[in-house]
Amino acid sequence: MGKHYAVFGHPVSHSLSPRIHAAFSRQTGVPLDYVAIDAAPEDFAAALARFANGGGDGANITLPHKQAAAALCSSLSERARRAGAVNTLVRAGEHWQGDNTDGIGLVRDLTERHGLDLRGRRTLLLGAGGAAHGVAPALLDAGIAELTIVNRSPEKADALADALGEPGRVHTRYWNDLVSLGPYDFIVNATSAGRDQLTLSFPRAIATSRTLAVDLSYGEAAIAFLAWARSAQCAQAIDGLGMLVEQAAESFALWHGRRPETDRIYAELSGQSVALHTAD
Ligand code: ATR
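First, a word on what this report is: a plain description of the structure on this page.

As for helix α10 (residues 263–270)
Buried within α10 we find I265, Y266 and L269. The buried residues of α10 all sit within an arc of 105° when viewed along its axis, so they share a single face. Opposite its buried face, α10 presents the exposed residues D263 and R264, each directed more than 90 degrees away. Buried residues in α10 make contact with α1 (17–28), α5 (102–113) and α9 (241–256).

Put into structure tokens, the structure is as follows:
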């Protein structure tokens with residue numbers, strides 16, 4: 001009898017996580033079931049409690065519940081605490097332990113799958129919501145040179161910078177000043193604009209032909225930013241599908257004690273990701 005897992009989100013029906021974890025289960029021979037549970041924000045705590053009472057062993061948490069999930073945990077890993085957000089829950093007796101594998105998933109995708117060196121890169125983070133919180137600590141740990149956070153609402157950029165606690169390396173700037181900030185080696189789009197079918201316009205001056213441009217979304221939600229990155233002649237324009245697969249592998253390792261191989265499922269999903277648009 002396998003263990004029970006779920007991804008909680010709202011909406012969640014497009015989530016690829018059940019398919020990814022089913023593939024990992026087949027590959028490793030670890031029996032499990034993994035379902036998607038849609039819970040509106042006001043129902044999330046009750047839905048998670050029902051899942052636990054029904055024998056739930058672990059869960060992934062996606063939009064918009066990552067911060068709420070952190071508040072429901074009895075203990076948080078260091079990286080979840082720094083992110084202020086949880087994407088992985090592990091059942092321990094009567095309690096949930098919270099962790100966050102988004103940041104390490106992004107770094108692994110970029111460094112191992114794409115063979116990129118992040119060290120020393122002058123980095124621009126666009127957005128300061130849940131996704132930005134999830135990845136920023138891991139980017140700092142990966143050795144980027146400095147991190148500039150720009151957000152439409154400046155107070156959220158300041159709050160993220162304060163939470164990261166590295167005033168010498170982390171700065172905030174105003175969205176309207178993007179044009180005067182000069183070029184970056186690494187630009188991360190962590191806004192949700194693409195998921196709302198909005199196309200943001202960015203000044204060309206933030207990119208050069210050496211710039212690595214990454215969107216944390218994938219499929220349709222990433223198209224506009226990646227098109228901008230290509231038109232600005234960035235060296236690489238990469239979407240968040242690899243990050244999704246890698247964060248899933250890290251969650252799988254937390255639950256089952258072994259990390260699955262990810263190349264096959266990544267190749268399978270990337271062949272059809274253009275039709276998909278849920279950031280997970
Ligand atoms: P997520 O979990 O995906 O990060 P979120 O926490 O709602 O979602 O954060 C969305 C991010 O996208 C925020 O940084 C938001 O900016 P604000 O804090 O100013 O709301 C940003 N965002 C969303 N739509 C945007 C738009 N049209 N222009 C600029 N930034 C936008």
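Having seen the model, we can carry on.
A short note on unusual backbone geometry
In this structure, P11 follows H10 across a cis peptide bond, with omega equal to 0°. Within the fold, P11 resides in the loop between β1 (3–9) and α1. With an omega of 0°, the peptide bond running from L63 to P64 counts as cis. Looking at where P64 falls in the secondary structure, it is placed in the loop between β3 (56–61) and α3 (66–71). The phi dihedral of Q197 falls on the positive side, at around 60°, and the residue is not glycine. The residue Q197 is located in the loop between β10 (186–189) and β11 (212–215) in this model. On the accessibility criterion, Q197 (63% relative accessible area) is exposed. Look at Q233: it is not a glycine, yet its phi comes out positive at around 60°. Counting through the fold element by element, Q233 comes out in the loop between α8 (220–231) and β12 (236–238). On the accessibility criterion, Q233 (53% relative accessible area) is exposed.

Examining the sheet that holds strand β2 (residues 32–38)
Taking strand neighbours across the sheet as the criterion, the six strands line up as β2-β1-β3-β5-β6-β4 in an open arrangement whose pairing is mixed. Across the chains shown, the open sheet's two edge strands, defined by having one partner strand only, are β2 and β4 (75–76). The pairing of β1 with β2 spans seven bridges and is classified as parallel. Opposite F8, over in β2, you have I37 as the bridge partner. The sheet contacts of helix α2 (residues 44–53) involve β1, β2, β3, β5 (88–92) and β6 (95–99), and relative to β1 the element is tilted by about 170°.

Definitions and limits used
Residues numbered from 1 in each chain as written. Predicted model: local features only at pLDDT ≥ 70, side-chain atom pairs only at ≥ 80, totals over all residues. Heavy atoms only, no water. Buried < 20%, exposed > 50% of the residue type's maximum accessible area, 1.4 Å probe, protein only. Helix = DSSP H or I, 4+ residues; strand = E, 2+ residues; numbered from the N terminus. Arc of directions from axis to C-beta. Contact = heavy atoms within 4.5 Å. Pairing = 2+ DSSP bridges. Axes fitted to C-alpha atoms, helices over the stretch in contact; angles between N-to-C directions.

Just distances and angles here, no functional claims.
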